[in-house]
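Close look at the chain arrangement
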Amino acid sequence: MEQEPNTPPHVLIFPLPAQGHVNSMLKLAELLALAGLHVTFLNTDYNQDRLFHHTNVQARFAGFPGFQFKIIPDGLPVEHPRGGDHFYEMFNSMNLVTKPLLREILVSSKLQYYDDSGSSTNNIRSGPVNCIIADGILTFPIDVGNELGIPVIHFRTISACAFWIYFSVPDMEEAGELPNFTSGKEDMDRIITRVAGMETFLRCRDLPNVNRIGHQENPLQVIGEFTRQSTRAHALILNTFEDLERPVLSNIRTQSPQIYTLGPLHALLKHKLGSKTTTSSVQSQSSNSLFQEDRNCITWLDAQPLKSVIYVSFGSLAKLTRYEMREFWYGLINSKKRFLWVIRPDMVDGKDDDGQIQVELVEGTKERGYMAEWVPQEEVLAHPAVGGFFTHSGWNSTIESIIAGVPMICWPYFADQQVNSRFVSEVWKLGMDMKDVCDRVVVETMVNDLMAERREEFIKSTDTMARLARESVSEGGYSYCNLERLIEDIRLMSV
Ligand code: UDP
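These notes cover the structure that comes with them. (Residues numbered from 1 in each chain as written. Predicted model: local features only at pLDDT ≥ 70, side-chain atom pairs only at ≥ 80, totals over all residues.)

1. Comments concerning the site of the ligand
Around the ligand, the surrounding shell holds 19 residues, and the nearest of these are Gly20, Gly315, Gln377, Gly394 and Ser397. For the shell around the ligand, the secondary-structure elements that each account for two or more residues are helix H1 (19-34), helix H15 (377-381) and helix H16 (395-404). Ranked by residue count, the leading element in the shell around the ligand is H16, at four residues. A class-by-class count of the residues in the shell around the ligand yields six nonpolar, 11 polar and two charged. (Near = placed C-beta within 6 Å. Helix = DSSP H or I, 4+ residues; strand = E, 2+ residues; numbered from the N terminus. Nonpolar A, V, L, I, M, F, W, Y, C, P; charged D, E, K, R; others polar.)

Have a look at this one:
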């Protein structure tokens, strides 16, 4: 089917199948659909089932003529765990199995459609894909796009600072600065000098924790190599905002000049939807969760005093040992602060636990705490009762916390999280970095510092940064204007 004149451009959006990636790329999909573009959202079959099961996305997107979900296999059996250490098995499998399938669906006309079902007033025609927005971790869509003459925009869902550090890995290697984490002899406080703009404060311990990144020969080199692949893409999208990461963005622009900063993306979407719906209906409609949300936690929060609760969550992939769980639990209890703690059923490492939350931990928590398996996090962070966030420093969690003006205690688990936590504490002064420590006394002290003793100090910076984040997604702000520019550029690709 040829593209007809006046048919809106057709964009294929393809995320890495992980919660943080699907979440932010679905938000971008919604923004493009709102602007009238035709969008195909490509999920792995495994994740599509989970997404449809736990959310109302199908109903939500049914309102957009020209939007469709499509599936593609990740090449793994259903029972494969996919999280924790196994995450990289999925990544490798996609490079092998999913790449040829992506090519196949693009050359066939499987992604084009003609909807005359009567569900919309017009008969919707969608032409061939004009632009691919692929997850920046996936490099094979660039090969496929280049071969087929379809421009590929890379969407890297990490911070600009993490992107730039990954990008600089070959420079660190050339200077002999790359740490050998597995030797056990590395001085983790050694300063890394070869990342432009970070010469004074970046330590070995702030680089990705490779012990938790699969079993490849040298994971840092692998990450560095595929990050440089983004320069082969037509452009780069980052879920950040200029006022937060201006200096590092200038450095990235020397290598990859076409960057659209669109963050915080969830707030940009809320702003765009805001004029059409009430805040509460936006919140309840906008879940992109791959897990079942416990909404009772909001009722519990409603009953807590202003800024009295520390919200504790380590995202969708991190695994904790039973020892770590206990240290966190005792630290929280001994701090005597109220807490809302997310413990996914698969979160406790199976190696030294049966995977169940310890009954006595839950029992002992009831007085001041609430445990949940998954919560509506954006809503939780925006709740007036929440005064702090104990986080694994995943980028989505970090940027959601920043716009909510909530200070953080960071306990990074892997990948870019080590970098994010360093920037939160050392550069942006939005909280404390508890990296590489897991001790109940430290937890207790930091929780008390964040919620009481040093609160004033952090609130000054969190308030300022939250205001700048809000401005960036408001009319005339950088992220707002960059979205307009992106839409315009995609339109030009289809003429
Ligand atoms: N999240 C959520 N409910 C929870 C915990 C997390 O909705 O109980 C969301 C959170 O809002 C964020 C995403 O899951 O958008 C986690 O992404 P992040 O990049 O922070 O960490 P990852 O899961 O990739 O390690």
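On we go.
2. Comments concerning the sheet that holds strand S8 (residues 235-238)
Sheet architecture is open: seven strands sit in the order S3-S2-S1-S6-S7-S8-S9, paired in parallel fashion. Lying at the two open borders of the sheet, with one neighbouring strand each, are strand S3 (67-72) and strand S9 (259-261). Pairwise comparison of adjacent strand axes, ignoring direction, gives a mean angle of 20 degrees for this sheet. Summarising the sheet, S8 and S9 pair through three bridges and their orientation is parallel. Bridged to Leu236 within S9 is Ile259. (Pairing = 2+ DSSP bridges. Axes fitted to C-alpha atoms, helices over the stretch in contact; angles between N-to-C directions.)

3. Comments concerning unusual backbone geometry
Look at the link from Gly263 to Pro264: it is a cis peptide, with omega at -10 degrees. Along the chain, the position of Pro264 falls in the loop between S9 and helix H10 (265-274). One non-glycine residue, Lys336, lies in positive phi territory at about 65 degrees. Relative to the assigned elements, Lys336 resides in the loop between helix H13 (322-335) and strand S11 (338-342). Take Lys336: there are 12 C-beta atoms within 10 Å of it, and that puts it in the exposed class. Residue Ser393 is not a glycine yet carries a positive backbone phi of 65 degrees. (Buried ≥ 20, exposed ≤ 12 C-beta atoms within 10 Å, placed from the backbone.)

4. A closer look at the environment of Val144
Looking at the secondary structure, you find Val144 in helix H5 (residues 140-148). Spatially, the C-alpha atom of Val144 lies 8.8 Å from that of Leu106, the residues being 38 residues apart in sequence.

5. Digging into the nonpolar core
Most often, soluble globular proteins have nonpolar side chains that are buried together. Ile13, Ile133, Leu340 and Ile409 are the most contacted members of the largest nonpolar core, which totals 135 residues. Excluding residues within four positions of it along the chain, Ile13 makes contact with Met25, Leu28, Ala29, Val39, Phe41, Leu42 and Ile133. (Core = buried A, V, L, I, M, F, W, Y, C linked by C-beta atoms within 7 Å. Contact = placed C-beta atoms within 7 Å.)

6. Here's the deal with the environment of Gln221
You can see Gln221 is positioned in helix H8 (residues 219-228). In this structure Gln221 comes out as partly exposed when scored by C-beta crowding, with 16 C-beta atoms within 10 Å. For the pair Gln221 and Met172, spaced 49 residues apart in sequence, the C-alpha separation works out to 9.9 Å. Not counting the four nearest positions on each side in its chain, Gln221 is found in contact with Val169 and Glu173.

7. Thoughts on H8
Every α-helical turn comprises 3.6 residues, leaving residues that sit three or four positions apart pointing alike. What H8 keeps buried is the set Pro219, Leu220, Ile223, Gly224 and Thr227. Along H8, the residues classed as buried sweep out an arc of 140 degrees about the axis, all on the same side. As for H8, its buried residues are in contact with helix H6 (160-167) and helix H7 (169-174). (Arc of directions from axis to C-beta.)

8. A word on the packing of H6 against H8
Where H6 meets H8, the axes come as close as 7 Å, and the angle between the chain directions of the two elements is 105 degrees. The pairing of H6 with H8 is recorded here as roughly perpendicular in orientation. Across the interface between the two elements, Phe163, Tyr166 and Phe167 of H6 pack against Ile223, Gly224, Thr227 and Arg228 of H8. The residue inventory of the contact of H6 with H8, partitioned by class, reads four nonpolar, two polar and one charged. (Parallel < 35°, antiparallel > 145°, perpendicular 65-115°, else oblique.)

9. A few points about the pairing of strand S13 (residues 386-391)
With six of its six residues buried, S13 lies for the most part within the structure. Here strand S10 (residues 309-313) pairs with S13 via five bridges, running parallel. Among the inter-strand pairings, Tyr311 is bridged to a residue of S13, identified as Phe389. Once you follow S13 into H16 and on to strand S14 (residues 408-410), the crossover reads as right-handed. (Right-handed = clockwise from strand over helix to strand, strands pointing away.)

On their own, these measurements won't tell you what the molecule is for.
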